[in-house]
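# Structural description and commentary
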Amino acid sequence: MDRRFFLRGLSALGCSAAAHPFLTTVTLAGSDGGAPLGDHRLVVVILRGAMDGLDVVRPLGDPDYAALRPTLAGQTAPLPLGGGFALHPALAGLHGLWSAGEAGFVHAVSTPYRDKRSHFDGQDLLEAGTGTDLAPQARRDGWLNRLLQAVPGVVADTAFAVGREALPLLAGPAPTRSWTPELKLDLSAQGRRLLEQVWHDDPLFRDSGLAALDLAAETDPVALEAGAMPVAADRGTADIDRLVDFAAGKLRQETRIAAFSLSGWDTHVRQEAAIRGPLLRLERIVLRLKQQLGPQVWGQTAFLAMTEFGRTVHENGSRGTDHGTGGVMLTAGGALRGGQVLGRWPGLAEAALYDRRDLMPTSDVRAWAAWVMAGLYGFDRRVLEGAVFPGLDMGSDPGLVR
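A quick note: this is a predicted structure, and the numbers were derived from the prediction, not measured.

## Points about the overall build of the protein chain
If you tally the helices and strands in the protein chain, you get 14 helices and 12 strands. Expressed as a percentage of the 402 residues in the protein chain, the buried residues total 54%. Of the roughly 16,600 Å² of accessible surface on the protein chain, 55% is carried by carbon and sulfur atoms.

Shown next, in the form of structure tokens:
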């Protein structure tokens, strides 16, 4: 079988199947003898569901932020990052990496995707790494796959973990959810996720249904109101650890590029509680990856976590946020310069917003990824702008790679 055809088939399967919340992909790339890619490692995590960058890295110094988010802006005290920004407290474990210059963020980034705000289309474009001017059939290859095709001597394999990121069961360490005191709604975690998918595009069913499930399950309304909804210590931990340990084991050997996904970022309702679990899992991925790689390999690693689009600057009536445009990217690893919030901040004044509702994107997430690959592996700019990210203008080097 032709190697490029084989890789293309794996990429197409990964991009479509991994969009489903019950499936995650791990894609690994290495090279014969390690020569083409050297000693640097690249780890890419796709955050499925549109992570709210304005909640993760809060622009507290922006004079319009508090008024736009009267509930979300008043949550538990975030951690200062400098420059008027602060980190969501659920990522407190990354603050040490920030201080050590091993974690950072890029704000107001996006793909070229605009206006329709579909998770699946947005994720497809993010993983394809193309602009919107190409027909859908021309966007089937993933950008990491095209990178492999441009480098001689590269080998790859793909593994699938089915059922990772299982949500809490209705009985167990997580709070039991009930529809009414008289009737127990005995839904499995998978059943709840299925309802979320069915309801998703109907705001009436989605917001009302999910709110009803959450409100019926409140065993401690005061604690929930304060944002202290219990999160089981082992919620998804074992699956995440197996995922990271597998990738780290390969990266310590000949593998040089790894990519996988983390779902759960679609926070239309009660975002204060809904975003905490995904953030804790993302934090665990970064910290465990550093631990498992060890100081030497971590020092040669670049970690990028990106999402299909951001969320609205206004919080909605369900104390959540809806699909937006500009978002945030997390960077980590000893190979990157951390301890800074990069990207040009556009401001949150109404006239500065995209379509007067979203954070205005000021840079292309693909350009940051391209400059990381150029810095790590020495790839020619013409290859990155022409083959890996067709039609991209990388702009000037932001100096992210050490």
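## Digging into the confidence of the model for the protein chain
Chain-level pLDDT for the protein chain is 77 on average; 71% of the residues reach the 70-or-more range. Contacts for the low-pLDDT stretch residues 1-23, under 50 throughout, to residues beyond four places or in other chains number 43 contacts. Here residues 156-184 scores under 50 on pLDDT; set against residues more than four positions off or in separate chains, the count is 74 contacts.

## Comments concerning the environment of arginine 117
Among the structural elements, arginine 117 can be located in the loop between β6 (103-110) and α5 (119-128). With relative accessibility at 14%, the residue arginine 117 sits in the buried group. Counting along the chain gives 207 residues from arginine 117 to glycine 324, while the straight-line C-alpha distance between them is 6.8 Å. If we ignore the near neighbours within four places in the chain, the residues touching arginine 117 are Phe309, His323, Gly324, Thr325, Tyr354, Asp355, Arg357 and Asp358. In this structure the side chain of arginine 117 is engaged in a polar contact, spanning 2.6 Å, whose partner is the side chain of aspartate 358.

## Digging into the pairing of strand β10 (residues 327-332)
Of all six residues that make up β10, six are buried, and the element is covered over most of its length. Burial along β10 is two-sided: Gly327, Met329 and Thr331 facing one way and Val328, Leu330 and Ala332 facing the other are all buried. Examined bridge by bridge, β6 and β10 share six bridges and lie antiparallel to one another. Paired with alanine 103 across the bridge in β10 is alanine 332. In terms of strand pairing, strand β9 (residues 301-307) meets β10 through three bridges, oriented antiparallel. When the bridges of β10 are listed, alanine 305 appears paired with leucine 330.

## Re the packing of helix α10 (residues 237-251) against helix α12 (residues 276-298)
When two helices pack together, you describe them by how their axes are tilted relative to each other and by the distance separating the axes. In contact at an axis separation of 9 Å, α10 and α12 are set at 30° when each is read in the N-to-C sense. Viewed along their axes, α10 and α12 adopt a mutual orientation that is roughly parallel. For the pair α10 and α12, the sense of crossing is right-handed. Where α10 abuts α12, its residues Thr237, Ile240, Asp241, Val244, Asp245, Ala248 and Leu251 lie against Arg281, Arg284, Ile285, Arg288, Leu289, Gln292, Leu293 and Val297.

## Digging into the packing of helix α13 (residues 365-377) against helix α14 (residues 381-388)
Running from amino to carboxyl end, α13 crosses α14 at an angle of 140°, the nearest separation of the two axes being 10 Å. In terms of orientation, α13 and α14 fall into the oblique class. As for the relative orientation of α13 and α14, their crossing is right-handed in sense. Within the contact between the two elements, α13 uses Ala370, Trp371, Met373 and Ala374 and α14 uses Arg381, Leu384 and Val388. The class makeup of the residues in the contact of α13 with α14 is six nonpolar, no polar and one charged.

## A closer look at the sheet that holds strand β3 (residues 57-58)
Within the open sheet, the three strands sit side by side as β3-β5-β4. Their pairing is antiparallel. Edge positions in the open sheet fall to β3 and β4 (79-82), since each of these has one partner strand only. The pairing of β3 with strand β5 (residues 85-87) spans two bridges and is antiparallel. Counted as the bridge partner of valine 57 is leucine 87 from β5.

## Focus: α12
Look at α12: only 26 Å from first C-alpha to last across 23 residues, short of the 33 Å you get at 1.5 Å a residue. Along α12, the helix axis deviates most sharply at glutamine 292, where the bend reaches about 70°; the proline proline 295 sits within four residues downstream.

Rules behind the numbers
- Residues numbered from 1 in each chain as written.
- Predicted model: local features only at pLDDT ≥ 70, side-chain atom pairs only at ≥ 80, totals over all residues.
- Heavy atoms only, no water.
- Helix = DSSP H or I, 4+ residues; strand = E, 2+ residues; numbered from the N terminus.
- Buried < 20%, exposed > 50% of the residue type's maximum accessible area, 1.4 Å probe, protein only.
- Areas by Shrake-Rupley, 256 points an atom, 1.4 Å probe, with all protein chains shown as cover.
- pLDDT = per-residue confidence, 0-100.
- Contact = heavy atoms within 4.5 Å.
- Polar contact = N/O pair within 3.5 Å; in protein donor to acceptor, adjacent residues only side chain to side chain.
- Pairing = 2+ DSSP bridges.
- Axes fitted to C-alpha atoms, helices over the stretch in contact; angles between N-to-C directions.
- Parallel < 35°, antiparallel > 145°, perpendicular 65-115°, else oblique.
- Left-handed = near helix turned anticlockwise from the far one by under 90°.
- Nonpolar A, V, L, I, M, F, W, Y, C, P; charged D, E, K, R; others polar.
- Expected span 1.5 Å × (residues − 1).
- Bend = angle between axes of the 7 residues up to and from the residue.

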